[in-house]
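# Reading the structure
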Amino acid sequence: MKSLSVLSVTSELFPIIKTGGLADVAGALPFALAREGMEVISLLPGYPAVLKVLGHTETVREYPHLFGGSARLLSATVKGLDLFVIDAPHLYERPGSPYLTPDGRDWPDNARRFAALGRVAADIGQGHVPGFIPDIVHAHDWQAGLAPAYLHYSDTPRPGTVVTIHNIAFQGIFPADLLYELGLPPHSFTVDGVEYYGQIGFLKSGLRLADRITTVSPTYAKEIQTPEGGMGLDGLLRSRSRDVFGILNGIDEDVWNPAKDPSLAATFNRDTLNKRDANKRALQERLGLDVDSDAMLFGVVSRLSEQKGLDLVLAALPSLLADGAQLALLGAGERMLEESFRAASIVYPGQVGCFFGYDEGLAHLIQGGSDALFVPSRFEPCGLTQLCALHYGNVPIVSRVGGLADTVIDANEMAVAAGVATGFQFSPVNLTGLIDAVNRAKILWSDVEAWGRVQRNGMTAEVGWGGPARQYAHLYRSCLEDV
């Protein structure tokens, strides 16, 4: 088949800049697509953390005026990733996260900052960078949502366009009076264009104007077409249902490999699960838990938010810990949840250990050392932590939503007997459901042989990018038939 060139447009990219799962996906997919014969270059804003690691660069385009200042488009390669980086100090040279001020508020000029990402993506898509004309522009989430709009309203031939929804809760909605400043034509401000309830909707624009829409699991693709899951965009998505596809995320099996993970106290595979005991001990020591191999150890690696269902874990603690079980938590987020888990570590010394923030090595150790992992999300587009858990013999306990429902096979009596179970699902997503799942997990954990079979089932599950990459390659080729 003909090789295709793809411009991946993203606001974060692992291992260069990361706040969540978007970075992991955007960082892993180019390597997977390369094995499908695709040439992928990723377009990324030039935050300080990005510019710091670039090394040798080449300026491939100059912008005398890009939403308030001059800018350069740089070409570079970092850790095997081919990049275009927007060097625009007036937009990106500032402290804080890519999206928030140091005190946790949205940057007031986020509309301009991420319109610039879409504008530059469209310029590349129209062939304004010598030597690279993409067949496909693939925009990730609302931050890249205007790329299909700029291409749609141009008067030049354009590449195929794909928008991927990583989390429909975040949509990028800004005042209508920015239309002229963002370089969008007056006729774009309609329900069939960028207008969204009297404002400009970045994600909505992409969903309306891209050739194809993907999201990160088949179940989530169905959920976002319902009033309950669509966050106001369900009608638009239903109207485009033929163009909406759910493609599961994968994980980078080179980064997440328990057989050669340098963050573990002991590496292991499905035939040497007993070596996980050393990781459990190291995890208990790291977080100040009682060193006890006989205590069932539950893990959490998550953003602390109501969406992620971590309030349910808090409410379940008395039942969870009553028989000496333990909880190891890594996360950051809502202040109330952080303070509540911090208080729990005082109330339950030696049983609850917390690290607030993010530590990549500790995330790997929790996957390699805990017995079961909580992912009790109220909604979850795909989820990556449960995929890592499966790969590490860390049995996931998940709510039956989105990608969690698609990736974990519940250890009910029939699935255990048939030898296919990989974890525990619960529904509805409430305290009773979570406690029931915990109790089922504890019963199975007491049967060492049965628990080991579930662990090995998870470790043999397909969690990599091979299958998803083939689906994306097919989708890209179908796009070109419409352009």
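The coordinates are above.
Keep in mind that what you see is a predicted model, and the values were worked out from it rather than measured.

Applying the stated rule across the entire model yields 18 salt bridges. The partner of Asp24 in a salt bridge is Lys18, with the nearest N and O atoms 3.0 Å apart. For Lys18, a relative accessible area of 30% puts it in the partly exposed group. The salt bridge involving Lys442 is made with Asp323; its shortest N-O contact spans 3.0 Å. Placement of the pair is Lys442 in helix α16 (residues 431-445) and Asp323 in the loop between α10 (310-321) and β14 (326-333), with a sequence separation of 119 residues. Judged by its relative accessible area of 13%, Lys442 is buried. A relative accessible area of 55% places Asp323 in the exposed class. What you see here is one network of salt bridges that share partners, running through Lys18, Asp24 and Glu360.

Our focus in this paragraph is the pairing of strand β7 (residues 160-165). Of all 6 residues in β7, 6 are buried; the element is thus mostly enclosed. Judged by which residues are buried, β7 turns out to be covered on both faces: Gly160, Val162 and Thr164 on one side and Thr161, Val163 and Ile165 on the other are all buried. The sheet contact formed by strand β6 (residues 136-140) and β7 spans 5 bridges and is parallel. Within β7, the position partnered with Val137 by the bridge is Thr161. Here 4 bridges tie β7 to strand β11 (residues 212-215), and the two strands are oriented parallel to one another. Bridge pairing in β11 links Ile165 to Thr215.

Pairing is parallel across the open sheet formed by 6 strands, whose spatial order is β15-β14-β13-β16-β17-β18. Two strands bound the open sheet, and with one partner strand each, they are β15 (352-356) and β18 (424-426). The average undirected angle you get between the axes of adjacent strands in this sheet is 20°. Sheet strands in contact with helix α9 (residues 276-286) are β13 (297-304), β14 and β15, and its direction is about 60° off that of β13.

Turning our eyes to something else, we now look at helix α12 (residues 360-369). With 8 of 10 residues buried, α12 lies mostly within the body of the structure. Structurally, α12 contributes buried residues whose contacts are with α9, β13, β14, β15, β16 (372-375) and α13 (385-391). Its side-chain oxygen at 3.0 Å from the backbone nitrogen of Gly361, Asp359 defines the N-terminal cap of α12.

In this structure, Leu43, Phe84, Leu182 and Phe202 are the most contacted members of the largest nonpolar core, which totals 77 residues. When residues in this core are grouped by element, the largest group, 9 residues, is from helix α4 (residues 110-125). If we skip the residues at most four places from it in the chain, Phe84 touches Leu7, Ile41, Ser42, Leu43, Leu44, Val60, Leu73, Leu74, Ser75, Ile124, Val129 and Phe132. Membership of the second largest hydrophobic core comes to 49 residues, among which are Leu362, Ala363, Val398 and Ala469.

Another aspect to go through is the environment of Tyr472. Position of Tyr472 relative to the elements: it lies in helix α18 (residues 466-480). Along the chain, Tyr472 and Thr215 lie 257 residues apart, while their C-alpha atoms are 11 Å from each other. Beyond its immediate chain neighbours, meaning those up to four positions away, Tyr472 contacts Leu29, Leu33, His138, Thr164, Thr214, Ile247 and Trp465.

A word on the sheet that holds β7. The strand order β3-β4-β5-β2-β1-β6-β7-β11-β12 describes an open sheet built from 9 strands, whose pairing is mixed. The sheet is open, and its two edges are formed by β3 (58-63) and β12 (244-246), each paired on a single side. Strand-to-strand twist in this sheet, taken as the mean axis angle between neighbours without regard to direction, amounts to 25°. Packing of α4 onto the sheet brings it into contact with β1 (5-9), β2 (39-45), β3, β4 (71-78), β5 (81-87) and β6, and relative to β2 it is tilted by some 150°. In the packing of helix α6 (residues 202-209) onto the sheet, the strands contacted are β7 and β11, and the crossing angle to β7 comes to about 135°.

Tracing the backbone shows Gln143 in the loop between β6 and α5 (147-152). Note on Gln143: relative accessible area 6%, which makes it buried. When the C-alpha atoms of Gln143 and Ser11 are compared, they prove to be 6.4 Å apart, with 132 residues separating the residues in sequence. With residues up to four places along the chain from it excluded, the contact list for Gln143 reads Ser11, Tyr99, Phe114 and Leu117.

Turning our eyes to something else, we now look at the packing of α16 against helix α17 (residues 448-460). The contact between α16 and α17 brings their axes to 7 Å, and the two run at 115°. If you check the angle between α16 and α17, you find them roughly perpendicular. Of the residues in α17, those touching α16 at Ala441, Leu444 and Trp445 are Val448, Ala450, Trp451 and Val454. Of the residues belonging to the contact of α16 with α17, the class tally is 7 nonpolar, no polar and no charged.

This part takes up the packing of aromatic side chains. This model, assessed by the stated rule, comprises 13 aromatic pairs. With 5.1 Å between their ring centres and 10° between their planes, Phe298 and Phe374 make a pair best called stacked. Here Phe298, found in strand β13, pairs with Phe374, found in strand β16; they are 76 residues apart in sequence, far enough to count as distant. Like Phe374, Phe298 is buried. Joined through ring pairs, the aromatic side chains of Tyr99, Phe114, Trp142, Phe174 and Phe202 make up one cluster.

Quick look at the pairing of β15 now. Within a regular strand, the side chains alternate between the two sheet faces. Taken together, the 5 bridges between β14 and β15 define a ladder with parallel strand orientation. Of the residues in β15, the one forming a bridge with Ala328 is Gly353. At this point the chain moves from β14, through helix α11 (residues 335-347), to the parallel β15, and the crossover so formed is right-handed.

Taking 1.5 Å as the rise per residue, helix α1 (residues 21-34) with 14 residues should run 20 Å; its terminal C-alpha atoms sit 21 Å apart, in good agreement. Along α1, the largest kink reaches about 25° and is centred on Ala28; proline Pro30 follows within four residues of it. The buried fraction of α1 is high, at 11 of 14 residues. Here α1 has its buried residues at Leu22, Ala23, Asp24, Val25, Ala26, Gly27, Ala28, Leu29, Pro30, Ala32 and Leu33.

The rules we used
- Residues numbered from 1 in each chain as written.
- Predicted model: local features only at pLDDT ≥ 70, side-chain atom pairs only at ≥ 80, totals over all residues.
- Heavy atoms only, no water.
- Salt bridge = Lys/Arg side-chain N within 4 Å of Asp/Glu carboxyl O.
- Buried < 20%, exposed > 50% of the residue type's maximum accessible area, 1.4 Å probe, protein only.
- Helix = DSSP H or I, 4+ residues; strand = E, 2+ residues; numbered from the N terminus.
- Pairing = 2+ DSSP bridges.
- Axes fitted to C-alpha atoms, helices over the stretch in contact; angles between N-to-C directions.
- Contact = heavy atoms within 4.5 Å.
- Polar contact = N/O pair within 3.5 Å; in protein donor to acceptor, adjacent residues only side chain to side chain.
- Core = buried A, V, L, I, M, F, W, Y, C linked by side-chain atoms within 4.5 Å.
- Parallel < 35°, antiparallel > 145°, perpendicular 65-115°, else oblique.
- Nonpolar A, V, L, I, M, F, W, Y, C, P; charged D, E, K, R; others polar.
- Phe/Tyr/Trp six-rings, centres within 6.5 Å; stacked < 30°, edge-to-face > 60°.
- Right-handed = clockwise from strand over helix to strand, strands pointing away.
- Expected span 1.5 Å × (residues − 1).
- Bend = angle between axes of the 7 residues up to and from the residue.

Read these as layout, nothing more, since geometry by itself doesn't imply function.
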